Amino acid sequence: MGRRRRVKVASVLIPLPVPEAFDYEVPEALTLARGDQVAVPLGPRLMRGIVSEVFETTGSNRRLKAVDSLLDDPALPSRVVDFVEWAGRWTLSPPGEMAATALKGLRAPRPRPERRVRRVGERAPSRATPARTGVLEALGERSMAGADLARAAGVSSGVIKGLIDEGVLEIIEIAAEAAFDRPDPDHAPASLNGDQAAAATALAAGVTGGGFRPFLLDGVTGSGKTEAYLEAIARVLRADPAAQILILLPEIALTQALIERITARFGAAPAEWHSGVAPPRRRQVWEAVVAGRCNIVVGARSALFLPFVNLRLIVVDEEHDGSFKQEEGLVYHGRDLAVARARIEGAAVVLASATPSLETLWNAQSGRYDWLKLGARHGTAVLPDIALLDLRQNTPDPQTWLSQPLRLAIGETLLRGEQTLLFLNRRGYAPVVLCRACGHRLTAPDTDSWLVEHRYTGRLVCHLTGFSMARPKLCPSCGAEDSLVSVGPGVERVEEEVRQLFPEARTAVFSSDTAPDARSARALIQRMTDGEIDILVATQAAAKGHNFPRLTLVGVVDADLGLRGGDLRAAERTYQLLAQATGRAGRADRPGRAILQTWTPEHPVLMALAAGDRDAFVEAEMAEREAASLPPYGRLAAIILSSENAAAVEKTANDLAQAIPNAERLEVYGPADAPLALVRGRRRKRLLVRADRDVNIQAFLRAWLARVKVPASVRLTVDVDPYSFL
């Protein structure tokens, strides 16, 4: 027998939902390395892929297809491929889909080339007028946009056109390349207090010392966490001008204020990366990051997948925020992946919050993270006084939602020329529409989600699916006429009440309905900052990181709402949300106060808020979690099944239940209907896995899912560390 030939093989991650990389033979003419982008055949077409490994093997009887070509696009740094593969294993997601996220910027079109004019050799115009001579002198040896040249020479565009027609000037196209100015760490240093300076020094030392270093930057609202980490960034850039820094924010609406602060501090604007950035600009950012031409990126969670070549520091601002959890498509938690990316890069990561998540606090308490504390507000600002207002003794009038003491406080605030924020944990006009005759609650078709009345549009809306309908005349259940009533307050109903009580006040609503995109949110925030609004009725959108100097009163209309959530994080989420909302008051030189309307002032969450005793709340909540071995003392994962075919979901759920592997220190609950068992016409079932902290829950899930064939009609989603229990 002849010797089998040795072949070089490349494992290629293809951006498709397939469970592993595909192997291809590498032609002798090609030299490939990990991270290279290649074109490979898949069925009848060529696909872009990322090389994850190159190895030699003995040829087998089954001939591999060959790599078609090496693409001109930049290779992904090897550590980016490490991160993509790790994230796929951690979340049990196809690595190709993670790779697709890393290539997202390249899928965008390049910006249109810039049209410029330049001199053609030494050609001179047939008739030299002062205007033409001025154009040629202003242009010199350069190329310029025609409009810029006309302005520089002080002539009309007709003069430029005449010189082009004569062949003295020619039009050329220049590929548009984003120029990101280098940030100057000494441009405008901030004045820091002792706590801020100590935190900045510790952070900078953690970065410049090299290696993976996680930090919790724990400071009360208004304590100047941003100034502390910006100073740390300045010190990092002094030590290494090529260092790259990523700052993650939970909401697009927060990016503009931070970009302005970074620009003022460093004299150069950072790059932006989020869904509100135009695709051609995203491509420019991607290419600048992989070329090392961009130092600071401010972005949403998907910025974690950018191809940084010298990533030294990641900041996760408002790290507790639930928006860092991606629930659709690829399911992952941005905070957890940020820590993993920093570990893989050998970089520092800063988790910043006034109300850290219990998982992060647990890591800090146990010494896994360095714990930096900012205990006081910056400058002369002090924390607001928080009062619990017992609605059992101060019941609002029928069909109103603001109690008399809160109304008086709003009036006093108006008289002083200061601002009020009325906070609700919900959108719309009323959260439930029901029939007075039979009690039927209106839900969206094919969904268990309640319909919410919106007074602006006069329609009933499902906030889960986006379905909307006109308010019916008859109850769809019993047929009673004019029996449907709206129950409970939403922002629009509270706004209506405010306008009746204070007609002279300038009132506005801030919710995802009134400010659906980043531009409208920024405009509303600017109006509030400039003092053009007296009373802002708002949902969670206003409780995140905004700084309103004239705001001195925060009224929480229904402080009990989040406590009825019925999931493991309900109390934690409510504490964080209310602490953030009340923290908007008194952030400048005027003292602030917060009034929380509640039917249960004795609830531990609300008592801890009023006392300003976060430690007491954390201790009580941690004790409950520890007793039940729930995060951070245990681990959770969910399997969600959905299909338009209810029988198929039922059978798949039962098949999974029958196939559970034997495992110690681990339990599986379910299958059970998800709380929202019907969404967009799809039936949903859920199985929940709880494991001790040191159990490899991913390995258990892989072994389990390998035992069951899921039909094509059923969608199976794995959610490691679930945050939503709907």
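Right above here is the structure, for reference.
Residues numbered from 1 in each chain as written. Predicted model: local features only at pLDDT ≥ 70, side-chain atom pairs only at ≥ 80, totals over all residues. Heavy atoms only, no water.

Undergrad: Even after reading the chapter, I still don't get the overall build of the protein chain, so can you show me in this structure?
TA: A tally of helices and strands in the protein chain yields 19 helices and 31 strands. Looking at the protein chain residue by residue over its 726 residues, the buried ones come to 53%. Put simply, of all contacts in the protein chain between residues at least 6 apart along the chain, 75% involve residues at least 24 apart. Accessible surface computed for the protein chain: about 32,200 Å², of which carbon and sulfur atoms make up 50%. (Helix = DSSP H or I, 4+ residues; strand = E, 2+ residues; numbered from the N terminus. Buried < 20%, exposed > 50% of the residue type's maximum accessible area, 1.4 Å probe, protein only. Contact = heavy atoms within 4.5 Å. Areas by Shrake-Rupley, 256 points an atom, 1.4 Å probe, with all protein chains shown as cover.)

Undergrad: Please explain unusual backbone geometry as it appears in this structure.
TA: Note on backbone geometry: most residues besides glycine have negative phi, and most peptide bonds are trans. For the peptide bond that leads from P631 to P632, omega is 10 degrees, which places it in the cis range. As for its position among the elements, P632 is in the loop between helix 17 (614-627) and strand 28 (634-643). With an omega of 10 degrees, the peptide bond running from G670 to P671 counts as cis. Of note, S629 is a non-glycine position whose phi angle comes to about 55 degrees, a positive value. Structurally, S629 can be placed in the loop between helix 17 and strand 28. In this model, D721 sits at a positive phi of 60 degrees, which is unusual for a non-glycine residue. With respect to the element layout, D721 can be found in the segment after strand 31 (715-720).

Undergrad: Hey, could you run me through the sheet that holds strand 11 (residues 296-299) in this one?
TA: Strands in a sheet are paired, the pairing made by backbone hydrogen bonds, and the direction either parallel or antiparallel. Taking strand neighbours across the sheet as the criterion, the seven strands line up as 10-11-9-12-15-8-16 in an open arrangement whose pairing is parallel. The sheet is open, and its two edges are formed by strand 10 (271-273) and strand 16 (370-374), each paired on a single side. Averaged over all adjacent pairs, the angle separating strand axes in this sheet is 20 degrees, with direction ignored. Sheet analysis places strand 8 (residues 213-219) next to strand 15 (residues 348-353), joined by six bridges and oriented parallel. Each bridged residue has a counterpart across the sheet, and for R213 the counterpart in strand 15 is A348. (Pairing = 2+ DSSP bridges. Axes fitted to C-alpha atoms, helices over the stretch in contact; angles between N-to-C directions.)

Undergrad: Explain the sheet that holds strand 2 (residues 22-25) to me, please; I cannot follow it from the model alone.
TA: With antiparallel pairing, five strands are arranged side by side in an open sheet as 2-1-4-3-5. Of all strands in the sheet, those bounded by a partner on one side alone are strand 2 and strand 5 (69-70). Alignment of strand 1 (residues 6-13) against strand 4 (residues 45-58), held across eight bridges, turns out to be antiparallel. Considered in strand 4, the bridge of R6 is made with T58.

Undergrad: Would you mind showing me how to read the pattern of salt bridges here?
TA: Side chains that differ in sign of charge can pair as their charged atoms come close. In the structure shown here, the tally under the stated rule is 41 salt bridges. With its nearest N and O atoms 3.1 Å apart, the salt bridge here joins E287 to R283. In this pair, E287 and R283 both sit in helix 9 (residues 279-290), four residues apart, roughly one turn of the helix. Assessed through its relative accessible area of 9%, R283 is described here as buried. (Salt bridge = Lys/Arg side-chain N within 4 Å of Asp/Glu carboxyl O.)

Undergrad: What's the story with the packing of aromatic side chains in this structure? I'm lost.
TA: Scanning all chains against the criterion turns up five aromatic pairs. Here F700 and W704 contribute two aromatic rings whose centre-to-centre distance is 5.7 Å and whose plane-to-plane angle is 50 degrees, an arrangement assigned as tilted. Here the residue F700 and the residue W704 both occupy positions in helix 19 (residues 697-705), the gap between them amounting to four residues, near one helical turn. Cluster of aromatic residues (ring-pair linked, three or more members): F83, F305 and Y332. A cation sits over an aromatic face here: R265 above F266, 5.0 Å from the ring centre. When the ring centre of W371 is taken as origin, the NZ or CZ atom of K373, which lies over that ring, is 4.1 Å away. (Phe/Tyr/Trp six-rings, centres within 6.5 Å; stacked < 30°, edge-to-face > 60°. Lys NZ or Arg CZ within 6 Å of the ring centre and 35° of its normal.)

Undergrad: I tried to follow the environment of R707 on my own but got confused; where do I start?
TA: Note that R707 resides in the loop between helix 19 and strand 31. Residues R707 and A659, spaced 48 residues apart in sequence, show a C-alpha to C-alpha distance of 6.4 Å. Leaving out residues up to four positions away in the same chain, R707 has contacts with A659, I660 and P661. Among the polar contacts listed, one links the side chain of R707 to the backbone oxygen of A659, at a separation of 3.3 Å. (Polar contact = N/O pair within 3.5 Å; in protein donor to acceptor, adjacent residues only side chain to side chain.)

Undergrad: Is there a simple way to explain the pairing of strand 4 in this structure?
TA: Here is the key point about a regular strand: its side chains alternate between the two faces of the sheet. Pairing between strand 3 (residues 37-42) and strand 4: six bridges, direction antiparallel. When the bridges of strand 4 are listed, Q37 appears paired with I50. Count of turn residues in the strand 3/strand 4 antiparallel hairpin: two residues, of which G43 carries a positive phi of about 65 degrees.

Undergrad: Which parts of the structure should I look at to understand the environment of A204?
TA: Mapping A204 onto the fold places it in helix 6 (residues 194-208). Exposure remark for A204: the relative accessible area of 7% places this residue in the buried category. Remark: the alpha-carbon pair of A204 and Y229, spanning 25 residues in sequence, is separated by 8.7 Å. Aside from chain neighbours lying at most four places away, what touches A204 is A232, R235 and V236.

Undergrad: What is the right way to look at the side chain of T91 in this model?
TA: Looking at the element boundaries, T91 is found in helix 1 (residues 78-91). Overall, the relative accessible area of 4% leaves T91 in the buried class. Among the polar contacts made by the side chain of T91, one reaches the main-chain carbonyl oxygen of A87 at a distance of 2.7 Å. There is a polar contact of 2.7 Å between the side chain of T91 and the side chain of S93. Once residues within four sequence positions are removed from consideration, T91 is found in contact with M98, V331, Y332, V718 and V720.

Undergrad: Looking at this structure, how should I read the environment of R6?
TA: Tracing the backbone shows R6 in strand 1. Here the alpha-carbon distance between R6 and T57, two residues 51 residues apart in the chain, equals 5.6 Å. Those residues in contact with R6 that sit more than four places away from it in its chain are E56, T57 and T58. Side-chain polar atoms of R6 contact the side chain of T58, separated by 3.1 Å.

Undergrad: Looking at this model, I keep getting lost on the nonpolar core. Mind explaining?
TA: General note: in soluble globular proteins, nonpolar side chains tend to be found buried as a group. Ranked by internal contacts, the top residues of the largest apolar core, which has 47 residues, are L246, V297, L304, F305 and I314. Among the elements of the structure, helix 1, helix 2 (95-102), strand 9 (244-248), strand 10, helix 9, strand 12 (311-317), helix 10 (334-345) and strand 15 are those that each provide at least two residues to this core. Counting residues in hydrophobic clusters, the runner-up holds 37 residues, among them L421, L524, L536 and L606. (Core = buried A, V, L, I, M, F, W, Y, C linked by side-chain atoms within 4.5 Å.)

Undergrad: I would appreciate a short explanation of helix 8 (residues 255-266) in the present structure.
TA: Owing to its 3.6 residues per turn, the α-helix aligns residues three or four sequence positions apart on the same side. In this model, helix 8 (12 residues) spans 16 Å end to end at C-alpha, consistent with the 16 Å of a helix rising 1.5 Å per residue. Looking at helix 8, one finds that the buried residues are T255, L258, I259, I262, R265 and F266. Projected down its long axis, helix 8 shows its buried positions confined to an angular sector of 130 degrees, all on one face. In the stretch just after helix 8, G267 is the one whose phi turns positive, near 70 degrees. (Expected span 1.5 Å × (residues − 1). Arc of directions from axis to C-beta.)

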